[in-house]
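Report on the structure
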Amino acid sequence: MSACKTLFRSSISFIEFKTRSSYRRSFSSHFLSNFSPFNALRLLSPNPGFRIEPCRATSRRYGSTRGAISLETSENAEEMTVPRVAVEIPEEKSEDTVEELLSNRDDVTKFMKMERRSNTEGQGHQDRWFPYLDRFKAGNVDLNSAEVLEALNPVIMDSRKERFRHAVMNRTYSVCLVVEGLSDFGNISAAFRSADALGIQSVHVVACDCSKRYRENRHVSMGAEKWLDIELWDSVHECFKVLKSRGYRIATTHLGMDAVSVYDMDWSCPTAIVVGNELRGISDEALELSDMHCSIPMKGMVDSFNVSVAAGLLMHHAVCDRTSRLGCHGDLTSEESQILLAEFTLRHSNSAIRIAHEYAKRKIPELKSKL
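Residues numbered from 1 in each chain as written. Predicted model: local features only at pLDDT ≥ 70, side-chain atom pairs only at ≥ 80, totals over all residues. Heavy atoms only, no water.

**Concerning the overall build of the protein chain**
Counting secondary structure elements, the protein chain contains 12 helices and 11 strands. Counting only residues that meet the buried cut, the protein chain has 40% of its 371 residues in that class. Long-range contacts, defined as pairs at least 24 residues apart, comprise 75% of the intrachain contacts of the protein chain with a sequence gap of at least 6. Looking at the protein chain as shown, the accessible area adds up to about 22,300 Å², and 54% of this sits on carbon and sulfur atoms. (Helix = DSSP H or I, 4+ residues; strand = E, 2+ residues; numbered from the N terminus. Buried < 20%, exposed > 50% of the residue type's maximum accessible area, 1.4 Å probe, protein only. Contact = heavy atoms within 4.5 Å. Areas by Shrake-Rupley, 256 points an atom, 1.4 Å probe, with all protein chains shown as cover.)

**Some remarks on the pairing of strand β7 (residues 229-233)**
Of all 5 residues that make up β7, 5 are buried, and the element is covered over most of its length. Here 5 bridges tie strand β6 (residues 200-206) to β7, and the two strands are oriented parallel to one another. Looking at β7, one finds that V206 is bridged to W233. (Pairing = 2+ DSSP bridges.)

**As for the environment of V148**
Relative to the helices and strands, V148 resides in helix α5 (residues 145-152). For the pair V148 and F136, spaced 12 residues apart in the sequence, the C-alpha separation amounts to 7.9 Å. Other than its neighbours up to four places away in sequence, V148 contacts M114, F136, L143, A342 and L346.

**Looking at the pairing of strand β5 (residues 172-180)**
Counted residue by residue, β5 has 9 buried out of 9 residues, so it is predominantly covered. One ladder, built from 6 bridges, connects β5 with β6; its direction is parallel. Counterpart to V179 in the pairing with β6 is V205. What joins β5 to β6 is helix α7 (residues 185-197), and the crossover it makes is right-handed. Examined bridge by bridge, β5 and strand β10 (residues 271-275) share 5 bridges and lie parallel to one another. (Right-handed = clockwise from strand over helix to strand, strands pointing away.)

**Thoughts on the sheet that holds strand β8 (residues 249-253)**
As summarised here, the arrangement of the 7 strands in space is β7-β6-β5-β10-β8-β11-β9, forming an open sheet in which the pairing is parallel. Sheet topology places β7 and β9 (260-261) at the edges, where each strand pairs with a single neighbour. In terms of strand pairing, β9 meets strand β11 (residues 292-295) through 2 bridges, oriented parallel. Within the sheet, the bridge partner assigned to V260 lies in β11 and is C294.

**Things to note about the confidence of the model for the protein chain**
Residues shown with low pLDDT carry predicted positions that ought not to be read at fine detail. In the predicted model, the protein chain carries a mean pLDDT of 76, and 63% of its residues have values of at least 70. Contacts for the low-pLDDT stretch residues 14-33, under 50 throughout, to residues beyond four places or in other chains number 28 contacts. Overall, residues 35-46 carries pLDDT values under 50, and its contacts beyond four positions in sequence, including any with other chains, amount to 30 contacts. (pLDDT = per-residue confidence, 0-100.)

**Things to note about the packing of α5 against helix α11 (residues 334-347)**
Direction vectors running N to C along α5 and α11 enclose 40°, while the axes themselves pass 9 Å from each other. The orientation of α5 with respect to α11, classified from their angle, is oblique. As α5 runs across α11, the sense of the crossing is left-handed. Facing α5, whose interface residues are S145, A146, V148, L149 and L152, α11 presents Q338, I339, L341, A342, T345 and L346. (Axes fitted to C-alpha atoms, helices over the stretch in contact; angles between N-to-C directions. Parallel < 35°, antiparallel > 145°, perpendicular 65-115°, else oblique. Left-handed = near helix turned anticlockwise from the far one by under 90°.)

**Digging into the environment of K241**
As for its position among the elements, K241 is in helix α8 (residues 236-245). Given the relative accessible area of 55%, K241 is considered exposed. C-alpha of K241 to C-alpha of L289: the two residues are 48 residues apart in sequence and 9.0 Å apart in space.

**Notes on the packing of aromatic side chains**
A full pass over the atoms with the stated rule returns 5 aromatic pairs. Taking 5.5 Å as the distance between ring centres and 50° as the angle between the ring planes, the aromatic pair formed by F164 and W227 counts as tilted. In this pair, F164 is assigned in helix α6 (residues 158-169) and W227 in the loop between β6 and β7, connecting sequence segments 63 residues apart. The pair formed by F164 and W227 is uniform in burial state, with each residue classed as buried. Note that R116 overlies the ring of Y132, its terminal NZ or CZ placed 5.3 Å from the centroid. (Phe/Tyr/Trp six-rings, centres within 6.5 Å; stacked < 30°, edge-to-face > 60°. Lys NZ or Arg CZ within 6 Å of the ring centre and 35° of its normal.)

Printed below as a string of structure tokens:
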């Protein structure tokens, strides 16, 4: 009898109790329904019964028992059920390279694939600016946008192509963003991200302060710089001169007696929005050369926004105002849309350029046969 009592005490000491329940029950029903054997897998079973088994090493469970997944190996690993999780695999590893990008003008130029109009081609013209020609140089052969799309469409997923078409449909060059003298690359990255999200295709960076760099602000742009047309300028005078030749009016953000509320502006007119340094604001030169000064009405105790927030608010209001006046924000023609679509397709991955060049090589014999 004594041996039986000892055996019973030894066995009962290995029984675990489930101390928490997701259901509201009385203490007695909770105690009986959760009275389970040591085997941890029994916790996942709806069967409230129990049985006594030999002692095994316990493993600690984290989080909800219902959603728990064992990370331990099993002798019958083939019989274990592994949850199926859908994971979207990106075409390329994307990293925020804004700091390195803005330090090298050649890197910025490499982002843009289709041949561009020169800055002087826009002088004297008041029509809406569009930077690309319908031409991509693939070695000694020129491909137009239709040929670029024909070459690359078979190797790009339909969902990705639809994403490109949707982005191009909502793109415009009628509003562009200019950041002058910013020292925080995190702010520049955030402004780029807002521009891409709101369909502003053209952004300009004027003489960023490279003496102060905040390296902890990486991955802020989420790769937005890959899809934007970025132009670097050494001076405000040079930047504004070119923008005016392209038909833009220059609107600098400034708190002054002559500043116009952004809510009173007609954003259907081609406009370059200029935001300035985090501490000094817009430079005196930029204020003097601009066509107008604008401001965002403030309702609180502080008199300014963070520069990247201000840029985002200005671009968002421009999109809303243009949509209310014009019916939509994106205003590219069908020809321009096809060219920009080809541009996005070429930027899709490094292999896209190689595929376009291979397509051009196959085109050479066809051209010779026609001659």
